[in-house]
Amino acid sequence: QVQLVESGGGLVQPGESLRLSCVASGSGFSFNAMGWYRQAPGKEREFVAGITAGGTANYVVSVQGRCIISRDNAKNTVYLQMNSLKPEDKAVYYCNTNRKTWTWGQGTQVTVSS
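Conventions adopted
- Within every chain, residues take consecutive numbers counted from 1 along the sequence as written.
- Local features in a predicted model are, by the rule used here, given only for residues with pLDDT of at least 70; side-chain atom pairs are given and counted only at 80 or more, and totals for whole chains, interfaces and linings are based on all residues.
- Water and hydrogen atoms play no part in the side-chain values, which are based on all heavy atoms of the structure.
- Residue burial is assigned from relative accessible area. The probe radius is 1.4 Å, only protein chains are included, and a residue is buried under 20% of its type maximum, exposed over 50%, and partly exposed in between.
- Here a helix means four or more residues in a row that DSSP labels H or I, a strand means two or more in a row labelled E, and each is numbered from the N terminus.
- Two strands are counted as paired when DSSP detects at least two bridges linking them.
- Residues are treated as being in contact if the distance between any of their heavy atoms lies within 4.5 Å.
- The rule is short: rings of Phe, Tyr and Trp, with Trp giving its six-membered ring, pair when the centres are within 6.5 Å, and they are stacked under 30 degrees, edge-to-face over 60, tilted in between.
- Working rule: Lys NZ or Arg CZ, within 6 Å of ring centre, within 35 degrees of ring normal, means a charge sits over the ring.
- Basic side-chain nitrogens of Lys or Arg form a salt bridge, by our definition, when they fall within 4 Å of a carboxyl oxygen of Asp or Glu.

Let's shift gears to the pairing of strand S1 (residues 4–7). Where burial is concerned, the two faces of S1 differ: the one with Leu 4 and Glu 6 is buried and the one with Val 5 and Ser 7 is not. As paired elements, S1 and strand S3 (residues 18–24) share 4 bridges and run antiparallel to each other. The residue bridging Glu 6 from the neighbouring strand is Cys 22, located in S3.

Of note, Glu 16 is situated in the loop between strand S2 (10–12) and S3. Remark: the alpha-carbon pair of Glu 16 and Lys 86, spanning 70 residues in sequence, is separated by 8.5 Å. Leaving out residues up to four positions away in the same chain, Glu 16 has contacts with Met 82, Asn 83, Ser 84 and Leu 85.

The geometry of an aromatic ring pair is captured by the separation of the ring centres together with the interplanar angle, meaning the angle of the planes. Inspection of the entire model under this criterion finds 3 aromatic pairs. On the numbers, 5.9 Å between centres and 70° between planes, the contact of Tyr 37 with Phe 47 is edge-to-face. Here the residue Tyr 37 occupies a position in strand S4 (residues 34–39), and Phe 47 occupies one in strand S5 (residues 46–51), the gap between them amounting to 10 residues. For Phe 47, a relative accessible area of 30% puts it in the partly exposed group. The rings of Tyr 37, Phe 47, Tyr 94 and Trp 104 are connected pair by pair, giving a single aromatic cluster. The ring centre of Tyr 94 lies 4.1 Å from the NZ or CZ of Arg 45, which sits over that ring. The cationic tip of Arg 45 hangs over the ring face of Trp 104; the distance from NZ or CZ to the ring centre is 3.9 Å.

Proximity of charged atoms lets side chains of opposite charge pair with each other. Taken as a whole and judged by the stated rule, the model has 3 salt bridges. For Glu 46, the salt bridge goes to Arg 38, with nearest N and O atoms at 2.7 Å. Overall, Arg 38 belongs to the buried group, its relative accessible area being 6%. The partner of Asp 89 in a salt bridge is Arg 66, and the shortest N-O contact between them spans 2.8 Å. In this pair, Asp 89 sits in the loop between strand S8 (77–82) and strand S9 (91–97) while Arg 66 sits in the loop between strand S6 (57–59) and strand S7 (67–72), placing the two residues 23 residues apart along the sequence. Since its relative accessible area comes to 1%, Asp 89 is described here as buried. Put simply, Arg 38, Glu 46, Arg 66 and Asp 89 are held in one network by salt bridges that share partners.

Printed below as a string of structure tokens:
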């Protein structure tokens with residue numbers, strides 16, 4: 001069973017940056033398209049960004065141009081560089097496969113506030 005551990009969140013001011021990391025234990029990471037998802041208080045979990053096994057990325061419109069997803073298959077890790085953060089980016093951020101096939105981790109909290 002693959003375990004996902006997210007990290008890198010924190011409290012930042014609007015306009016600042018964060019780099020989120022997600023490490024997947026177990027095998028199969030390099031063969032899977034991965035995604036970052038977020039859940040804001042009182043809202044459903046939503047897709048934020050995805051990256052194929054080959055490295056092609058896609059983003060939800062609200063973060064396009066501000067975020068970069070990347071992966072390091074040697075480290076079983078997917079990253080989300082988040083720039084120009086806005087208060088509406090506040091959420092718990094999770095990673096998973098693009099089909100959400102693995103057990104969700106604990107997530108990492110991102111708070112954007114002045």
